[in-house]
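# Descriptive structure summary
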Amino acid sequence: MKSNIAEMMIAPSLLASNQSCFGQEVERAERSGADWLHLDIMDGHFVPNLSFGPQVVKAIRPLTNLFFDAHLMCSQPELLLEPFAKAGADEIIVHVELGEQVQCLIHKIKSLGKKVGLAINPPTAIAAVQPFIEQIDLLLVMTVNPGFGGQEFISECLPKIQQAQAWRREKALSYRISVDGGINDQTAAECAHVGADTFVAGTSLFGAPSLKTVVQKMRQIVNENQH
Ligand SMILES: O=C(CO)[C@@H](O)[C@H](O)COP(=O)(O)O
């Protein structure tokens, strides 16, 4: 590992898999050499789409040792923290846009023994996450407006990654900087260049003929662009 650079994680997003056979897709993700599995949880209110719930997570948990990164795009995440923790999530990510609830949610996730992630949407200023950076394990910089896979990467989000990296270095913190939305080889390289170390990708990974080949290629390209 290069000095001062967090180990890279590649996290295929299950949302983009063939949902008629989640079990096989999870096993395919593990065989590809990916590090994590990203679980997009949508409630039809915080975002205008629905995905899947804790029952699905519980059903796939015994099939893999991949780290489960559960991203709650939900207006009332407090109702879901315990169900997702019990179902086998390793990390639970909530949105900074929830405002006053955020501190309480962070405490609750920690009390459940899970890693804490905080997500930020493209229109939200990076200053919103600053009060929490000493308490989190991961910052998820959304590089599309959440709700749907297959959208185009918003490059205006790159300065947020750069700021998160600057804070991490200045304060000697160790939170991961994850990017999510429109991530492919090229956009992963751009994000790695400014400090991202964790790469969530749906369409570019699950949509490829060989998941293993694209995971290997993304790993190589990120490695060449981290500094
Ligand atoms: O959270 C989300 C969407 O809300 C993402 O995880 C996407 O599902 C990533 O999909 P691609 O943009 O890579 O297709």
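Residues numbered from 1 in each chain as written. Predicted model: local features only at pLDDT ≥ 70, side-chain atom pairs only at ≥ 80, totals over all residues. Heavy atoms only, no water.

Selection rule: UniProt positions are given in the numbering used here, feature names are shortened, and annotations may be inferred rather than shown by experiment.
An unreviewed UniProt entry annotates the protein chain as Ribulose-phosphate 3-epimerase of Pseudanabaena galeata UHCC 0370. Recorded in UniProt under Pathway (unreviewed entry), the annotation for the protein chain is "Carbohydrate degradation." UniProt, in its Catalytic activity (unreviewed entry) section for the protein chain, records the words "D-ribulose 5-phosphate = D-xylulose 5-phosphate".

### Things to note about the site of the ligand
Basically, it comes down to this: Throughout, the term near means that a residue has one or more heavy atoms lying within 4 Å of the molecule or strand in question. Side-chain atoms alone can form a polar contact between residues adjacent in sequence; in general such a contact is a pair of N or O atoms within 3.5 Å, and within protein one must be able to donate a hydrogen while the other accepts it. Residues are said to line a cavity or pocket when one of their atoms sits within 4 Å of a point; the points come from a 1 Å grid over protein atoms alone, cavities being sets where a 1.4 Å probe fits but cannot get out and pockets being open sets with protein on both sides within 12 Å along at least five of seven lines. What decides whether a molecule sits in a cavity or pocket is whether more than half of its atoms lie within 2 Å of the grid points. Secondary structure elements follow DSSP: runs of H or I of four or more residues count as helices, runs of E of two or more count as strands, with numbering from the N terminus. Three residue categories are used. Nonpolar comprises Ala, Val, Leu, Ile, Met, Phe, Trp, Tyr, Cys and Pro, charged comprises Asp, Glu, Lys and Arg, and polar comprises the others, including Gly.
In the vicinity of the ligand lie 20 residues, with Asp40, Gly147, Asp180, Gly202 and Thr203 positioned nearest. The backbone of Gly202 places a nitrogen or oxygen atom 2.7 Å from an oxygen atom of the ligand. Spatially, the ligand is embedded in the largest pocket. Counting residues per element, the ones that place at least two in the shell around the ligand are β2 (36–42), β3 (67–73) and β8 (198–201). Considering every element that reaches the shell around the ligand, the biggest residue donor is β2, with three residues. Here the residues of the shell around the ligand sort into eight nonpolar, ten polar and two charged.

### Observations regarding the environment of Ala189
Filter applied, for reference: A simple rule labels every residue: compare its accessible area, found with a 1.4 Å probe on the protein chains alone, to the largest value its type can have, and call it buried under 20%, exposed over 50%, or partly exposed in between. Contacts were defined at the residue level, with two residues in contact if any of their heavy atoms lie within 4.5 Å.
By the secondary structure assignment, Ala189 is in helix α6 (residues 185–193). Residue classification places Ala189 among the buried residues on the basis of a relative accessible area of 13%. The sequence separation of Ala189 and Glu224 amounts to 35 residues, and the corresponding C-alpha distance is 8.0 Å. Leaving out residues up to four positions away in the same chain, Ala189 has contacts with Ile221 and Asn225.

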